[in-house]
Amino acid sequence: MAEEKDKIFGSYSEKVMDHFLHPRNCGEIPDASGIGTVGNVICGDVMRMYIKVENSIIVDAKFKTMGCGAAIATSSMVTEMVKGKTVEEALQISNRAVAEALGGLPPIKIHCSVLAEQALRSALADYYKKIGKDPSAFEPRPDTHEH
Ligand code: FES
């Protein structure tokens, strides 16, 4: 049984397991500057991201994810990555960068990192709408990855 477990979890990096088992920034920001909610229609997982922006800098980010372990790990990592960045810098964060920061993901789980990128972009778009700027550059890109 223990051997079976290793076979299953062995395909994940230590960082993925760490962020899955000890997610950072899990929760809500009640007075968030932007909130983005995205879902994957195939697996049904849902991710919500909250960002707090002060003087164009993302000072806080939190998430709530109903989803797989990789979705939780990528939510946790992306919220860590955006803190201290400007809104424009945060727009440059790709799902690939999130997966790389986690030490990689199995190919079948790459779409989970796409969800994290989309949730971030959706929260950024919501922030732009709130401050009266054109949010189109921040709208989530369509998920082109196979499940
Ligand atoms: S299986 Fe749906 S986001 Fe991972």
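Everything numeric here is computed off the predicted structure, so don't read it as measured data.

1. Some details on the nonpolar core
No. 1: Formed by 39 residues in total, the largest nonpolar core has its most connected members in Met49, Ile51, Leu120 and Leu124.
No. 2: Of all the secondary-structure elements, those providing two or more residues to this core are helix H2 (14-21), strand S2 (46-54), strand S3 (57-66), helix H3 (69-82), helix H4 (87-91), helix H5 (95-101) and helix H6 (110-130).
No. 3: The greatest single-element share of this core, amounting to 11 residues, is contributed by H6.
No. 4: Excluding its chain neighbours within four sequence positions, the residues that come into contact with Ile51 are Ala32, Ser33, Gly34, Ile58, Ala61, Val82, Ala123 and Tyr127.

2. Considering unusual backbone geometry
No. 1: In this structure, Asn25 takes a positive phi of about 65° despite not being glycine.
No. 2: Its location among the elements puts Asn25 in the loop between H2 and strand S1 (34-39).
No. 3: Residue Asn25 is classed as partly exposed on the basis of its 19 C-beta neighbours within 10 Å.
No. 4: Even without glycine at this site, Ser56 takes up a positive phi of about 70°.
No. 5: Mapped onto the elements of the fold, Ser56 is located in the loop between S2 and S3.
No. 6: Looking at Ser56, the number of C-beta atoms within 10 Å reads 11, which means it is exposed.

3. Some remarks on the sheet that holds S2
No. 1: An order of S1-S2-S3 is seen for the three strands of this open sheet, with the pairing classed as antiparallel. Looking at which strands have only one partner, the edges of the open sheet turn out to be S1 and S3. When strand polarity is set aside, the average angle formed by the axes of neighbouring strands in this sheet is 15°.
No. 2: Alignment of S2 against S3, held across nine bridges, turns out to be antiparallel. Bridge assignment links Tyr50 to a residue of S3, and that residue is Lys62.
No. 3: With respect to the sheet, H3 is in contact with S2 and S3, its orientation differing from that of S3 by roughly 175°.
No. 4: The strands touched by H6 within the sheet are S1 and S2, with S1 carrying the most contacts at an inclination of about 145°.

The rules behind these values
Residues numbered from 1 in each chain as written. Predicted model: local features only at pLDDT ≥ 70, side-chain atom pairs only at ≥ 80, totals over all residues. Core = buried A, V, L, I, M, F, W, Y, C linked by C-beta atoms within 7 Å. Buried ≥ 20, exposed ≤ 12 C-beta atoms within 10 Å, placed from the backbone. Helix = DSSP H or I, 4+ residues; strand = E, 2+ residues; numbered from the N terminus. Contact = placed C-beta atoms within 7 Å. Pairing = 2+ DSSP bridges. Axes fitted to C-alpha atoms, helices over the stretch in contact; angles between N-to-C directions.

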